[in-house]
Amino acid sequence: KALTLLLHQGDEMLLLSWVDGADGSEFPVQNLPFGVFSHTLSGRSPRVGVAIGESVLDMQALLAEGLIDHCACAAVFAEATLNAFMAQPRAQWLAVRAALTQLLARDGADPALRESAELRRRCLVPRAEVAMHLPAAIGDYTDFYSSREHATNVGVMFRGKDNALQPNWLHLPVGYHGRASSVVVSGTPVVRPKGQLQLDKADASKGTEHAPCRLLDFELEMGFFVGGPANRLGAPLEMHEAEDRIFGFVLCNDWSARDVQKFEYVPLGPFGAKNFATSISPWVVMAEALLPFRCATSAGSQAEPVPLPYLRDPNYSSYDVQLEVAITPAGGDRATVVTTSNYRHMYWTAPQQLVHHSVTGCDMRPADLLASGTISGADASAYGSLLELCWQGTREVGPLCDGSTRKFLRDGDTVSMRGTCLHSSGYTLGFGECAGQVLAAATLPPPPPPP
């Protein structure tokens, strides 16, 4: 009971695990992120697992062995995705998390796994041997634009310093609806998109050509999965409900075709430039695990202007997640970090994004994915996109391991993102990797001969 209470309060106490490799890893017992994995060697088809050290805890096996029967929602782990678990009330998420901690902590109250080699063999799988899948069947995907530093940088480039932020930006979390079908798990290659490119940069009236994107970019973001029972259509969420509707967080690379976007985005915003791929890390770190890392946003407060009442959050804050992006060129032997940022560089936060999304009465359903928008800090070393790092093509980024530099991504480049939380008591919490390699634009086959 004491251990469960500590977990529910996000206590800073350092817990240790009996699982080899857990202590000191990015997946200690304080983390316990959920994902979906398969394991060919043991015949395990896709199922829900929990990362612990260098192992994956098979939730379907726990269910079969009766080790989580005391959890009211245990049956959801017979499913091949996290959707059913995400749909449970927050109290059930916390109950399962507490039960897993009792099983995996060195001083946990449930010794069943740690005392039985046979149960460990059935329930723990080497993480290096598993294949990871999307954690959920994503219903809808929305991308926001909520880092003031990033929005200011882009605004300065395209509209000048005096008009950097659009008039609406400080009043609401700007966002747009993305494409859930092209959200892919880390490790999935990304084909360079083709689109309509403006022939004359200065004169759109001269038309376009259909060609591969030349200005392919990454966007360093974080995303969160909506959870809990859906709100009724026409019944907006209120701020006090937001915490119960945020299941957990992932790293997110919302790939962007800058030159495709340039011609298409007026007047309705990005379309094909943003719908070809969004990569996410496979492990969903529960919001509860991030409580010890809650911190002030880089804005500190929202006073000029004060948000409308429905957007005011008495717990206005973000999380201290250290973020980095690295690029490995084709044939390269190592990755080169090109930027480091932090999730605290958010003006509009996850609860505000969720509440604003529903303000018109939109129903927010379990496994909907909401992304933060590019996360940039004030310093140039913390910019979250190549567009900013190269400052619209005027600077070189690098050098990379082979001596080459970048303004935008080349075919064969692998982009890798990582996020880390460092606790004062010594443990580290991570999200795993969010990575993807750029493949050359697909060549369309010749048309069939006329009949």
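Higher on the page you've got the structure.
Quick caveat: nothing in here was measured; it's all calculated off a predicted structure.

Chemist: With reference to specific residues and values, describe the overall build of the protein.
Modeler: Of regular secondary structure, the protein possesses ten helices and 24 strands. Here the C-alpha radius of gyration of the protein, 22 Å, is about what a compact globule of 451 residues would show, namely 22 Å. Structurally, the protein occupies a C-alpha span of about 70 × 55 × 50 Å along its principal axes. Counting across all 451 residues of the protein, residues that qualify as buried make up 53%. In the protein, 72% of the contacts between residues at least 6 apart in sequence involve partners at least 24 apart. Total accessible area computed for the protein in this model is approximately 19200 Å², and 54% of it derives from carbon and sulfur atoms. For the protein, the distance from the average site of its 35 positive side-chain charges to the average site of its 47 negative ones is 3 Å.

Chemist: Explain the environment of Val-154 to me, and be specific about the residues and the numbers.
Modeler: Note on placement: Val-154 falls in helix 6 (residues 148-159). The buried category is assigned to Val-154, whose relative accessible area is 14%. In this structure the C-alpha to C-alpha distance between Val-154 and Glu-388, which are 234 residues apart in sequence, comes to 7.3 Å. When near neighbours in sequence (up to four residues on either side) are disregarded, Val-154 contacts Tyr-145 and Leu-387.

Chemist: So what's going on with unusual backbone geometry? Residues and values would help.
Modeler: Residue Pro-267 follows Val-266 across a cis peptide bond; omega there is 5°. Within the secondary structure, Pro-267 is located in the loop between helix 7 (258-264) and strand 16 (278-280). Each neighbour pair has its own omega, and for Glu-304 with Pro-305 the value is 0°, a cis peptide bond. Tracing the sequence through the fold places Pro-305 in the loop between strand 18 (294-295) and strand 19 (318-319). Non-glycine residue Trp-391 carries a positive phi angle of around 45°. By secondary structure assignment, the location of Trp-391 is in the loop between helix 10 (386-389) and strand 23 (414-422). Looking at Trp-391, the relative accessible area reads 21%, which means it is partly exposed.

Chemist: For the nonpolar core, give the residues involved together with the corresponding values.
Modeler: Phe-218, Met-222, Phe-249, Tyr-343, Leu-354, Leu-429 and Phe-431 are the most contacted members of the largest nonpolar core, which has 61 residues in total. Sequence-distant contacts of Met-222, defined by excluding residues within four places in its chain, comprise Phe-249, Val-250, Leu-251, Cys-252, Val-321, Leu-323, Tyr-343, Leu-370, Ala-371, Ser-372, Ile-375 and Phe-431. Residues Ala-99, Ala-136, Ile-280 and Met-286 belong to the second largest nonpolar core, which totals 51 residues.

Chemist: I'd like a rundown of helix 4 (residues 90-104), residues and numbers included.
Modeler: In an α-helix there are 3.6 residues to a turn, and that puts residues three or four apart on one side. In a regular helix each residue adds 1.5 Å, so 15 residues correspond to 21 Å; helix 4 covers 21 Å between its end C-alpha atoms and thus fits that length. The buried count for helix 4 comes to twelve of 15 residues, which makes it a mostly enclosed element.

Chemist: Account for helix 9 (residues 350-357), with residues named and values stated.
Modeler: Of all eight residues in helix 9, eight are buried, a share of seventy percent or more. Contacts from the buried residues of helix 9 go to strand 6 (141-144), strand 7 (175-177), strand 13 (220-226), strand 14 (246-253) and strand 22 (369-371).

Chemist: Which residues make up the pattern of salt bridges, and what values go with them?
Modeler: One pass over the structure, following the stated rule, counts 22 salt bridges. Across the salt bridge formed by Arg-122 and Glu-65, the nearest N and O atoms sit 3.1 Å from each other. Here Arg-122 is found in helix 5 (residues 117-123), whereas its partner Glu-65 is found in the loop between helix 2 (59-64) and helix 3 (83-86), with 57 residues between them in sequence. Here Glu-65 falls in the partly exposed class, since its relative accessible area comes to 30%. Between Arg-90 and Glu-288 there is a salt bridge, with the nearest N and O atoms lying 3.0 Å from each other. Separated by 198 residues along the polypeptide, Arg-90 in helix 4 and Glu-288 in helix 8 (residues 287-290) bring together distant segments of the chain. Residues joined in a network through salt bridges with shared partners are Asp-217, Glu-219, Asp-254, Arg-258 and Lys-274.

Chemist: Give a detailed account of the state of the cysteines, specifying residues and quantitative values.
Modeler: Counting across every chain of the model gives zero disulfides. Free of any disulfide, Cys-213 has its nearest neighbouring cysteine sulfur in Cys-390, separated by 12 Å.

Chemist: So what's going on with the sheet that holds strand 24 (residues 428-439)? Which residues, and what values?
Modeler: Judged by pairing direction, the sheet is mixed, and its five strands sit side by side in the order 9-24-23-20-21 without closing on themselves. Sheet topology places strand 9 (190-191) and strand 21 (336-342) at the edges, where each strand pairs with a single neighbour. Both strand 23 and strand 24 contribute to a ladder of eight bridges, which runs antiparallel. Pairing of Cys-421 across the sheet is with Leu-429, part of strand 24.

Chemist: Tell me about the sheet that holds strand 2 (residues 44-52), and name the residues and values.
Modeler: Spatially, the five strands line up as an open sheet ordered 4-3-2-1-5, and their pairing is antiparallel. The open sheet terminates on both sides in strands that have one partner only, identified here as strand 4 (124-126) and strand 5 (131-133). Strand after strand, the sheet turns through a mean of 45° between neighbouring axes, direction not considered. Direction of pairing for strand 3 (residues 55-58) relative to strand 4: antiparallel, over a ladder of three bridges.

Each value, and the rule that gives it
Residues numbered from 1 in each chain as written. Predicted model: local features only at pLDDT ≥ 70, side-chain atom pairs only at ≥ 80, totals over all residues. Heavy atoms only, no water. Helix = DSSP H or I, 4+ residues; strand = E, 2+ residues; numbered from the N terminus. Rg over C-alpha atoms; globule rule 2.2 N^0.38 Å. Buried < 20%, exposed > 50% of the residue type's maximum accessible area, 1.4 Å probe, protein only. Contact = heavy atoms within 4.5 Å. Areas by Shrake-Rupley, 256 points an atom, 1.4 Å probe, with all protein chains shown as cover. Lys, Arg positive; Asp, Glu negative; His and termini not counted. Charge placed at Lys NZ, Arg CZ, Asp CG, Glu CD. Core = buried A, V, L, I, M, F, W, Y, C linked by side-chain atoms within 4.5 Å. Expected span 1.5 Å × (residues − 1). Salt bridge = Lys/Arg side-chain N within 4 Å of Asp/Glu carboxyl O. Disulfide = S-S within 2.5 Å. Pairing = 2+ DSSP bridges. Axes fitted to C-alpha atoms, helices over the stretch in contact; angles between N-to-C directions.

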